[in-house]
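An overview of the molecular structure
Now for the letters of each chain:
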Amino acid sequence: MLKVIAACGNGMGTSQIIKMKIGNVFKRLNIQVEVGHMSVGEAIGQAGNYDVVFCSDSLAGSFKAGGKTKIIGLKNLLSEQEIETKLKDAGLA
Amino acid sequence: MDPTMFNGLMGIWKGFFDNVMAEPAIFIGCISLVGYILLRRPAHECFAGFIKTTVGFYILLVGSGGLVNNFRPILAGLAERFHMKAAVIDPYFGWNAVTGAFAKAGWTTSLIMMALLIAFLWNILLVAFRPYTKIRTLFLTGHVMIQQANTSLWMIFIAIPALQNNVWGIVACGIMLGTYWAVFSNLTLEPTQELTEGAGFAVGHQQMAAIWLTAKLAPKIGDRKTSVEHLNLPGFLKVFNDNVVAASTLMLIFFGTILYILGPEYLAARKFYNPASGEWFFKYVFKTTIHFAVYLFILQSGVRMFVAELTNSFQGISERLLKGSLPAIDCAATYGFDKAGGNSVLFGFVCGAIGQFVAIMGLIVFQSPIMIITGFVPVFFDNATLGVFANRFGGLRALVIICCSCGVLQVLGGALAAGLTGLYEFGGYHGNIDWDTLWTFNAWMFQVFGLPSIVVLTLLMLAIPQIQYRRNRATYFTHGAASE
C-alpha cells in the first residue's frame, strides 16, 4: 500500500481538495493507497514516513529534495490529468 | 390529540432538541451522517463519518478551552493596567470568541450550524436557477463557511432583537450569508480564470471582494511587466510557509511584548506567575506565549478532522445536484498559478505584515481603546492571495501598494468590527479582509437600520451578477467552462 499525504499552508482547504482528487486518480488506476492531509509545517517533519507528498507548486520548495520520498508539486489542484501525468513521470503509475 | 400523549411527544422532542440538536458536536456529526447517507455510502463509512465529525468537534473544544485559559492573564492585565481591550484578528480566535459569546448569552452554537446549512442550500438554489440569478459558482470551503456563519450570526443576533436567538434570525443569516458566498465567489471567477488560464474554479474564501477590487485596481496603479519574480527574497522567509513556525513567532512577538510590559510584579500579584518557584520570567513568558500556538494547533486539528468529513459530503451532494456549475474553493489553490513561482505569496505576506505592524503602532500612538494583535491566517492568506492577483494584473508596484493597504485595513477595520460586535471582550475577531471592510459595514447597517438592512443588502448583492451579465452577455456562461 502506497502512503500519500496532501499538504497545504494550513492543512485545511487546498490539501483537502488535493486529497479528494488523488483519491479519484488512484481509484481509476487501481492502486491501493492511504491518503492523509496536513499542513506543510507538519508534513516537512513527517515526509520521511510517506512515499509521496503532494502540494501546491509554490510550496514544493519547502521540502528537501532527495531521499526516498517523492515530492510532487501541482499547478492546478483540480486537474486529475496533471496528477496522473506527474505520477507517471515519478514512476509510480 | 390526547393531551398526555401530546405532552409526552413534546417531552421527547425537547429531550431530542437538548441532547442532539443543541449539542453542536453531535448535531454536526448528524449533518455529515445525512450527507453520507444521501451519497449512498456503505454503512460503515457513514458510521465513520459521524464519529470523526463528532470527535473532531470535541477536539476543537479542547483547543478552544485552552486558548481561553491562556488568554486570561493578558486580557485581565491589559484591562486593569491600561484600560485596554485586546483582540487577535484571526478566524480561529474569532470563532473562539463567538463560542465564548454564545455561551455567555446562553445560546447554543448549534444554531450556527443551522445557519450554515441554510446558507449552503440557498447557494445551491441560486446556482440551480442560474439562468435567472446569473450565479455560476458554489462555495465549498468548509472551514471558512463555518467561521463566517459564526461571525455573521453573532452580528445579526446582537443587532436585531426580533431576530435574536430564534429561527427567523437563523433564516435571515442563512440567506444573507448564502447570497454573499454565491455573489462574491461568482465575482472572483473572471480574475481567477484569467490568472489560472481557465483552470475551472473560482475563489470561495475570506477575501473575495478584495480579489475583485485588486483585479480592477492593479492594472491602474502598476505595470504587469514588473513582476516580483526578479526579486531575490532572503531564504529565511521560507520558514514562514510553515504555519506552526509562523503562528508561534507571531504569538511570541506580540504576547511576549505584552507580558513584558505587564511585568513580573503585576503577574505575580495576580498569581499568574510564581517567582518563588524559581521559574525565570523569561521562561514563563516563552511557555505562555508558545501555548497559544499549542492550543491553536489542537483547535485546528479538530477542525481539520470534522471539516474533512463535512466537505466530503458537501462536495458529493453538489456534484450530484449541479453539473456544469463551478466550485469556489480555498484561496491557496491560486498559489500554484503565481507567475513569480511563489515569490508573490511570500512578498504579499511580508507587505501585509508591514501594513499591519504600522497600523498597530498607529493604534498605540493614538491610544485606541482596542488593541489589535496580528493573527497568522489573515496576514498570511489574504495578503498572499492579493499578492498573487496584484502581481499578475499590476506587477511589483501594485503588489506593494495593495498588500500594504490591505494590512492597514485589516487592523483598522478589525478594531472597528471587534468594537461594534463586542467580540473584543472575548479576545478575538474574524479579521480576514472582507470581514474587516464589507462585513464591518454590514454589521453597522444591521445595528442602525435593523431588519430592513438585511433585505436591502441581500437585494443589492443579488443585483451584482445581473450587472456582470449585462456587460458581457456573449461569453458570460461559457467563459467559466471547466477544462475537465
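Residues numbered from 1 in each chain as written. Chains lettered and ligands numbered in written order. Predicted model: local features only at pLDDT ≥ 70, side-chain atom pairs only at ≥ 80, totals over all residues.

**Remarks on the overall build of chain B**
Worth spelling out the cut-off: Under the scheme used here, helices are H or I runs from DSSP no shorter than 4 residues and strands are E runs no shorter than 2 residues, and both carry numbers assigned from the N terminus. Restricting the calculation to C-alpha atoms gives the radius of gyration, and the globule rule supplies 2.2 Å times the number of residues raised to the power 0.38. Working definition of burial: number of other C-beta atoms within 10 Å of the residue's own, with buried at 20 or more, exposed at 12 or fewer, and partly exposed in between, all C-beta atoms being placed from the backbone. Each residue gets a C-beta atom placed from its backbone, and two residues are in contact if those atoms lie within 7 Å.
If you tally the helices and strands in chain B, you get 17 helices and six strands. Its C-alpha atoms give chain B a radius of gyration of 23 Å, within 12% of the compact-globule value 23 Å for 484 residues. By its C-alpha atoms, chain B is 75 × 70 × 50 Å across when sized along the principal axes. Looking at chain B as a whole, 54% of its 484 residues are labelled buried. Once local pairs closer than 6 in sequence are excluded, the contacts in chain B between residues at least 24 apart make up 82%.

**Looking at the overall build of chain A**
Counting secondary structure elements, chain A contains three helices and four strands. Seen in sequence order, chain A has helices and strands lined up from the N terminus as β-α-β-α-β-β-α. Taken against the 2.2 N^0.38 rule, which gives 12 Å for 93 residues, the C-alpha radius of gyration of chain A at 12 Å falls within 12% of a compact globule. Overall, the C-alpha framework of chain A stretches about 30 × 25 × 20 Å when taken along its three principal axes. Per-residue burial for chain A yields a buried fraction of 48% across its 93 residues.

**What about the sheet that holds strand β1 (residues 85-89) of chain B?**
Residue and element names in this part refer to chain B. For clarity, the cut-off: Whether two strands pair depends on DSSP finding at least two bridges between them. The axes are straight lines fitted to the C-alpha atoms, using for helices just the contacting stretch, and the angles between their N-to-C directions are given from 0 to 180°.
If you walk across this open sheet you meet the three strands as β5-β1-β6, and the pairing is parallel. Each edge of the open sheet is held by one strand with a lone partner, namely β5 (370-374) and β6 (428-429). In this structure, β1 lies alongside β6, joined through two bridges in parallel fashion. Following the sheet pairing, V88 is matched in β6 by G428. Helix α3 (residues 43-82) rests against β1 and β5 of the sheet, and its axis sits at about 140° to β1.

**Observations concerning helix α13 (residues 343-365) of chain B**
For clarity, the cut-off: A helix is expected to reach a length of 1.5 Å times the quantity of its residues less one.
With 23 residues, α13(B) should reach 33 Å at 1.5 Å per residue; the first-to-last C-alpha distance of 33 Å fits that figure. Positive phi appears at Q367(B), one or two residues downstream of α13(B), with a value of about 50°.

**Overview of the confidence of the model for chain B**
All names here are of chain B. In plain terms, the rule: Confidence scores per residue from the predictor, reported as pLDDT, run from 0 to 100.
When pLDDT is averaged across chain B, the result is 90; 98% of the residues are at 70 or more. Here helix α1 (residues 3-21) stands out as the least confident element of chain B, with mean pLDDT 82; helix α15 (residues 433-436) is the most confident, with 98. Interface confidence in the predicted complex, given as ipTM, is 0.80; pTM for the same model is 0.87.

**Observations regarding the nonpolar core**
Short version of the rule: A set of buried residues drawn from Ala, Val, Leu, Ile, Met, Phe, Trp, Tyr and Cys, joined through C-beta atoms within 7 Å, is what defines a nonpolar core.
Grouped together as the largest cluster of nonpolar side chains are 184 residues, with contacts concentrated most on V53(A), F54(A), A87(B), A115(B), I156(B) and L399(B). Looking at which element gives the most residues to this core, the answer is helix α14 (residues 376-421) of chain B, with 25 residues. Sequence-distant contacts of V53(A), that is, excluding residues within four places in its chain, are made with I5(A), A7(A), A43(A), A47(A), F63(A), T69(A) and I71(A).

**A few points about the pairing of strand β2 (residues 33-39) of chain A**
All names here are of chain A. Where we set the bar: Convention used here: a crossover is right-handed provided that the path from the first strand, over the helix, to the second strand proceeds clockwise when the strands point away from the viewer.
Across seven bridges, strand β1 (residues 2-8) lies against β2 in parallel orientation. Residue pairing in the sheet places A7 in a bridge with M38 of β2. Tracing the backbone out of β1, into helix α1 (residues 14-29) and back to the parallel element β2 gives a crossover that is right-handed.

**Regarding α3(B)**
Residues and elements named next belong to chain B. Here is the rule we go by: A residue's bend is given by the angle between axes fitted to the 7 residues ending at it and the 7 residues starting at it.
Along its 40 residues, α3 runs 57 Å from first to last C-alpha, staying within 8% of the 58 Å computed at 1.5 Å per residue. Remark: the principal bend of α3, roughly 40°, maps to F71, with a proline, P73, within the next four residues. Residue H83 follows α3 closely and has a positive phi angle near 50°.

**Quick word on unusual backbone geometry**
Residue and element names in this part refer to chain B. Residue N165 is not a glycine yet carries a positive backbone phi of 50°. Here N165 lies in the loop between α7 (142-159) and α8 (167-187). Judged by the 15 C-beta atoms lying within 10 Å of it, N165 is partly exposed.

**With respect to the sheet that holds strand β2 (residues 137-139) of chain B**
With parallel pairing, three strands are arranged side by side in an open sheet as β2-β4-β3 (chain B). Each of the sheet's edge strands pairs with one partner strand only, and the pair in question is β2 and β3 (202-203) of chain B.

**Quick notes on the packing of α7(B) against α8(B)**
All names here are of chain B. Selection rule: The scheme is simple: roughly parallel for angles under 35 degrees, roughly antiparallel for over 145, roughly perpendicular for 65 to 115, oblique for anything else. Each crossing gets its handedness from the near helix: less than a right angle anticlockwise from the far helix is left-handed, clockwise is right-handed. Basically, the charged four are Asp, Glu, Lys and Arg, the nonpolar ten are Ala, Val, Leu, Ile, Met, Phe, Trp, Tyr, Cys and Pro, and anything else, Gly included, counts as polar.
One can describe the packing of α7 onto α8 by two numbers: an axis separation of 10 Å at closest approach and a directional angle of 125°. The pairing of α7 with α8 is recorded here as oblique in orientation. Of the two possible hands of crossing, α7 and α8 adopt the one that is right-handed. Only G169, A172, C173, M176 and L177 of α8 make contact with α7, whose side of the interface consists of Q148, A149, S152, L153, I156 and F157. Considering only residue class, the contact of α7 with α8 consists of eight nonpolar, three polar and no charged.

**Some thoughts on the environment of K104(B)**
With respect to the secondary-structure elements, K104(B) resides in helix α4 (residues 91-105). Spatially, the C-alpha atom of K104(B) lies 24 Å from that of V55(B), the residues being 49 residues apart in sequence.

**Observations concerning the interface of chain B and chain A**
A common way to express how large an interface is: the accessible area buried when the components associate. Listed per partner, the contact involves 33 residues of chain B and 28 residues of chain A. Elements with a contribution of two residues or more to the side of chain B that touches chain A: α11 (243-269), α12 (281-321) and α14 of chain B. For the side of chain B that touches chain A, the leading source of residues is α12(B), giving six residues. By residue class, the composition of the side of chain B that touches chain A is 16 nonpolar, 11 polar and six charged.

**Quick notes on the pairing of β1(A)**
Residue and element names in this part refer to chain A. In terms of burial, β1 is a largely internal element, five of the seven residues being buried. As paired elements, β1 and strand β3 (residues 52-56) share three bridges and run parallel to each other. What sits directly across from V4, in β3, is V52.

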